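An overview of the molecular structure
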Amino acid sequence: MKNSEKFDIESEAIERSMAEFLKGDPVPELDPFELSIMTEKIVSETTAKKRRWFELKPAFQVGLAIVSVIVFIFALNVRTKTIKVFERGEIHFSGENISEKTIIEAVEKGAIAETEVLVRLFDIEKSEKDLLKRIYARDIDEFIDKLSDEDVENIMEHLDKLGYPRSKEA
Amino acid sequence: MIGESAKKALLKRLKEGDRDAITEVIEDNQRSIFALAYRFTGNREDAKDITQETFMKAIKNIKSFRGDSEISTWLYAIASNLLRDKARKNKGFETTTLDEEIIADNPSPLEQYEMKERKSIVRKALKSLPPEMRTAFLLRFESGLKIAEIAKATGKSEGTIKAQIHDALSRVRKIMGGENEE
């Protein structure tokens, strides 16, 4: 056999030759029991993720609704604050001059972000603010799917702070 | 291979996490993925782990699969990456003792000897191939993929795949020729 020989790697002859060669060491098969166990493990992993999705999605939705409600029914005995919202500018409000309507209009116009109001009003730390913004910005399904267990735990703690019960059964 | 509309329907069900769809994909592809992993590692347990990991990873990332290739090609891609990563970590796998395998079949002593010899040559030949070359070779001759499909599965150019397979064939044939004096 010549080492420098050129051969057509896609030819049927080569395919047959190699198939015959590989038959010399046949590949064992997974027995039905092994296959069944493996399938069950894989499917269970998916089911666990789905369960988590069902548990979290209502929590997220209600959590976000609560945030909106808090903004809209906020009791207005606050001291004057200036809220700087990145490039959106500032709004000034005080306990005497502010009204629910003003806040609602400001949020609707995008003059202030709901999360920003939440941050300021409830004095939430910056890292938590970022997390809330991520929740708003992302498609919820995609977001939940990509969560790690640690992320889930952190988010549930935030929702606890908002007064949402920890989990509901699917 | 299934028709285009059936493939789309299956993909949709997979993305929805349909249990039956997942089971269907596993049943249709486990043999070929296991075979690839077994040939690559020479070890049944490693092959089983890789097979399971392949499907787990596929299901986890199903939403990122656009369906522009066959599901099987995509699975081969995942398996190839897992095998490559494992090869990098382990620098080779432990192979099962041939004696343990043959005993179960109960052949005559002469048959046992011949089977053992043939297996030994195959494994020696495959082990002689560097991991990437081994993957290309196996995808071509174990899995039966065309060059274009192998290129897609491995992320390499068709030219590179052809060169790898050509080189692999030379090495394998050298070992075959060296062991099987005629």
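Residues numbered from 1 in each chain as written. Chains lettered and ligands numbered in written order. Predicted model: local features only at pLDDT ≥ 70, side-chain atom pairs only at ≥ 80, totals over all residues. Heavy atoms only, no water.

Our next topic: the overall build of chain B. From N to C terminus, chain B includes 9 helices and 0 strands. Listed by position from the N terminus, the elements making up chain B come as α-α-α-α-α-α-α-α-α. Taken across its 182 residues, chain B has 47% of its residues classed as buried. For chain B, long-range pairs separated by at least 24 residues make up 62% of all intrachain contacts whose partners lie at least 6 apart in sequence. On chain B, roughly 9,500 Å² of surface is accessible, and the fraction owed to carbon and sulfur atoms is 47%. (Helix = DSSP H or I, 4+ residues; strand = E, 2+ residues; numbered from the N terminus. Buried < 20%, exposed > 50% of the residue type's maximum accessible area, 1.4 Å probe, protein only. Contact = heavy atoms within 4.5 Å. Areas by Shrake-Rupley, 256 points an atom, 1.4 Å probe, with all protein chains shown as cover.)

Residues and elements named next belong to chain B. Across all of its chains, the model carries 2 cavities of 30 Å³ or more by this definition. Computed from the structure, the second largest cavity encloses a volume of approximately 40 Å³. Residue assignment for the lining of the second largest cavity shows that the elements contributing at least two residues are α3 (44-60) and α4 (71-90). Considered class by class, the residues forming the lining of the second largest cavity number 9 nonpolar, no polar and no charged. (1 Å grid on protein atoms, 1.4 Å probe; cavity = no way out; pocket = protein on both sides within 12 Å on 5 of 7 lines; lining within 4 Å. Points joined across faces, edges and corners; volume = space filled by probe spheres on them. Nonpolar A, V, L, I, M, F, W, Y, C, P; charged D, E, K, R; others polar.)

Tallying the contact residues gives 34 residues for chain A and 46 residues for chain B. Summed over both sides, the interface of chain A with chain B buries roughly 3,900 Å², with 65% coming from carbon and sulfur. When the buried area of chain A at its contact with chain B is split by residue, A:I9, A:F21 and A:D25 rank highest and sum to 17% of it. Counting across the chain A and chain B interface gives 8 salt bridges. (Buried area = accessible area lost by both parts, 1.4 Å probe. Salt bridge = Lys/Arg side-chain N within 4 Å of Asp/Glu carboxyl O.)

It is worth spelling out the packing of helix α2 (residues 19-41) of chain B against helix α7 (residues 131-141) of chain B at this point. Residues and elements named next belong to chain B. Two elements in contact, α2 and α7, have axes whose closest approach is 10 Å; the angle formed by their N-to-C orientations is 140°. By the angle between their axes, α2 is oblique relative to α7. With respect to the hand of their crossing, α2 and α7 are arranged in right-handed fashion. Touching L36, R39 and F40 of α2 are P131, R134, T135, L138 and L139, all from α7. The residue inventory of the contact of α2 with α7, partitioned by class, reads 5 nonpolar, 1 polar and 2 charged. (Axes fitted to C-alpha atoms, helices over the stretch in contact; angles between N-to-C directions. Parallel < 35°, antiparallel > 145°, perpendicular 65-115°, else oblique. Left-handed = near helix turned anticlockwise from the far one by under 90°.)

For the rest of this paragraph, the subject is the confidence of the model for chain A. Residues and elements named next belong to chain A. In this model, chain A carries an average pLDDT of 61, and 26% of its residues clear a pLDDT of 70 or more. Averaged pLDDT values over the elements of chain A bottom out at 39 in strand β1 (residues 81-84) and peak at 89 in helix α1 (residues 12-22). In this model, residues 72-98 is a region of pLDDT below 50 whose contacts with residues beyond four sequence positions or in other chains number 52 contacts. (pLDDT = per-residue confidence, 0-100.)

Let us now look at the environment of B:A163. All names here are of chain B. With respect to the element layout, A163 can be found in helix α9 (residues 158-179). On the basis of relative accessible area, A163 is assigned to the partly exposed category, the value being 46%. Along the chain, A163 and M133 lie 30 residues apart, while their C-alpha atoms are 9.1 Å from each other.

All names here are of chain B. Taking 1.5 Å per residue, 12 residues should reach 16 Å; helix α1 (residues 4-15) reaches 16 Å between its end C-alpha atoms and fits that length. At its buried positions, α1 is contacted by α2, α3 and α4. Positive backbone phi, at 80°, marks G17, one or two positions downstream of α1. (Expected span 1.5 Å × (residues − 1).)

Before going further, it helps to examine the confidence of the model for chain B. With 88% of its residues at a pLDDT of 70 or more, chain B has an overall mean of 86. The ipTM, which scores confidence in the relative placement of chains, is 0.81 for this predicted complex, and the corresponding pTM is 0.62.

As a further point, take α4(B). Its 20 residues give α4(B) an end-to-end C-alpha distance of 28 Å, which sits within 8% of 28 Å, the value for a rise of 1.5 Å per residue. If you check which residues of α4(B) are buried, you get B:I71, B:T73, B:W74, B:L75, B:Y76, B:A77, B:I78, B:A79, B:S80, B:L82, B:L83 and B:A87.

Here we take up the packing of aromatic side chains. Residues and elements named next belong to chain B. Inspection of the entire model under this criterion finds 3 aromatic pairs over all chains. Measuring from ring centre to ring centre gives 6.2 Å for F34 and Y38, while their planes differ by 25°; the resulting arrangement is stacked. Of the two residues, F34 and Y38 both sit in helix α2, 4 residues apart, roughly one turn of that helix. On the basis of relative accessibility, which here comes to 2%, the residue F34 falls in the buried class. Judged by its relative accessible area of 2%, Y38 is buried. Both rings, one in F137 and one in F141, keep their centres 5.1 Å apart while their planes meet at 55°; by these two values the pair is tilted. Of this pair, F137 and F141 are both found in helix α7, 4 residues apart, which corresponds to roughly one turn of the helix. (Phe/Tyr/Trp six-rings, centres within 6.5 Å; stacked < 30°, edge-to-face > 60°.)

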